[in-house]
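# Coordinate inspection notes
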Amino acid sequence: MISNENTVQHPNAIPPFKMGWSEISVLAGGFIFGQIATGILALILGSASDENVLKSSWFMPIAYLFTMGFPLVVFYFTLLKPKGFSFPLPLKGSNFIVSILALAMMIGMMLVSEFIVSLIPISGPWFGSWYESFSEQMESISTSTISMVMMTVVFAPILEELLFRGIILKGMLNKGVNPKNAILISALIFGAIHGYPWQAVGAFFLGIILGWIYERTESLLLPIMLHAFNNRIASIMISNLKTESFSAALHTSDFIILAIGAVVLSISAYYFYQKTNSNTTNFLSK
């Protein structure tokens, strides 16, 4: 992407901030504080009943808001607001063709990542108990359609895109980190935060695609919408088909799903790059 040093900055442009150790520490502290606050709230609510609040479907969206919301709140009031920075929420739209290509990339990525996730063991002395815990969590989430949709389709796309693309990725790009490295690092953190490997691997690839889209379009709008699309498809499959596997849902081979996904992803990524490379301003100049 070509830099334009003579570009006149709009008076309302979002001020640049850079991701350093202090910013990382604040985000980590906010995340830990959110976890502690969630635990305290669960203890208070659980003391009034015999229910395991942490595994209840109605409490999960609340726990998610505490866990992912606190880092954003703490970051804003500790670092952004005192320094006069605006909250990183660029929401400008993309043209129709770019949006369709981005959607195609998302679908291709979903198919490819499914095949890779299928290679992770689900049995054995270590993976077996871990997968059982993962399955129990997925089952708890799916018991209430409203809770699942609120958490995965509404809260997650907004809060996670703000945190991982709007703050972490943008902060690294503003610091001068190579875009490829910045996207990779933010995607690794995004994957790791999901914990279970059956979620983490898919989240990593999702982070790569959404990070690239954000870097190319300079907007969170498309990543938020695509993130919601990805999660909604998963929630529909879990609720109605009791599986997240496209191959199982379509009664076809994993390799056919992989092949289709690889072709769709490759072609759409190529044309997405060509389209955004011809009419996108330099993200790092902002």
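Up top is the structure these notes are about.
Given the structure is predicted, the values throughout are model-derived calculations rather than measurements. (Residues numbered from 1 in each chain as written. Predicted model: local features only at pLDDT ≥ 70, side-chain atom pairs only at ≥ 80, totals over all residues. Heavy atoms only, no water.)

We now examine the overall build of the protein. A tally of regular secondary structure across the protein gives ten helices and zero strands. For the protein, the N- to C-terminal ordering of α and β elements is α-α-α-α-α-α-α-α-α-α. For the protein, the residues scored as buried account for 44% of the 286 residues in total. Sequence separation of 24 or more characterises 80% of the internal contacts of the protein that already satisfy a separation of 6 or more. Taken as a whole, the protein presents about 14,700 Å² of accessible surface, with 68% of it coming from carbon and sulfur. (Helix = DSSP H or I, 4+ residues; strand = E, 2+ residues; numbered from the N terminus. Buried < 20%, exposed > 50% of the residue type's maximum accessible area, 1.4 Å probe, protein only. Contact = heavy atoms within 4.5 Å. Areas by Shrake-Rupley, 256 points an atom, 1.4 Å probe, with all protein chains shown as cover.)

With that settled, consider the pattern of salt bridges. Under the definition given, this model contains one salt bridge. R165 serves as the salt-bridge partner of E161, at 2.6 Å between the closest nitrogen and oxygen. Taken together, the residues E161 and R165, both in helix α5 (residues 145–175) and four residues apart, mark about one turn of the helix. For E161, a relative accessible area of 0% puts it in the buried group. For R165, a relative accessible area of 0% gives the class buried. (Salt bridge = Lys/Arg side-chain N within 4 Å of Asp/Glu carboxyl O.)

Moving on: the packing of aromatic side chains. Counting across every chain of the model gives 19 aromatic pairs. With 5.9 Å between their ring centres and 45° between their planes, Y131 and F134 make a pair best called tilted. Taken together, the positions of Y131 and F134, both in helix α4 (residues 127–142) and three residues apart, correspond to about one turn of that helix. Against the face of F190 rests R165, its NZ or CZ located 4.5 Å from the ring centre. (Phe/Tyr/Trp six-rings, centres within 6.5 Å; stacked < 30°, edge-to-face > 60°. Lys NZ or Arg CZ within 6 Å of the ring centre and 35° of its normal.)

Moving on, we get to the packing of helix α3 (residues 96–118) against helix α7 (residues 197–217). Running from N to C, α3 and α7 point in directions that differ by 160°, and their axes come no closer than 9 Å. Of the possible angle classes, the one that applies to α3 and α7 is roughly antiparallel. Relative to α7, α3 is oriented so that their crossing is right-handed. Only W198, V201, G202, F205, L206, I209, L210, W212, I213 and T217 of α7 make contact with α3, whose side of the interface consists of V98, A102, M105, M106, M109, S113, I116 and V117. (Axes fitted to C-alpha atoms, helices over the stretch in contact; angles between N-to-C directions. Parallel < 35°, antiparallel > 145°, perpendicular 65-115°, else oblique. Left-handed = near helix turned anticlockwise from the far one by under 90°.)

The end-to-end C-alpha distance of helix α2 (residues 60–80), which contains 21 residues, comes to 29 Å, matching closely the 30 Å that a straight helix rising 1.5 Å per residue would cover. By the largest-angle criterion, G69 marks the main kink of α2, which is about 35°, and a proline, P71, follows within four residues. If you check which residues of α2 are buried, you get M60, P61, A63, Y64, T67, M68, G69, P71, L72, F75, L79 and L80. Against α1 (21–46), α4 and α5 lie the buried residues of α2. (Expected span 1.5 Å × (residues − 1). Bend = angle between axes of the 7 residues up to and from the residue.)

The next subject is the nonpolar core. F75 and I213 are the most contacted members of the largest nonpolar core, which has 58 residues in total. When residues in this core are grouped by element, the largest group, 13 residues, is from α5. Beyond its immediate sequence surroundings of up to four residues, F75 is in contact with F17, E23, V26, L27, L80 and I167. (Core = buried A, V, L, I, M, F, W, Y, C linked by side-chain atoms within 4.5 Å.)

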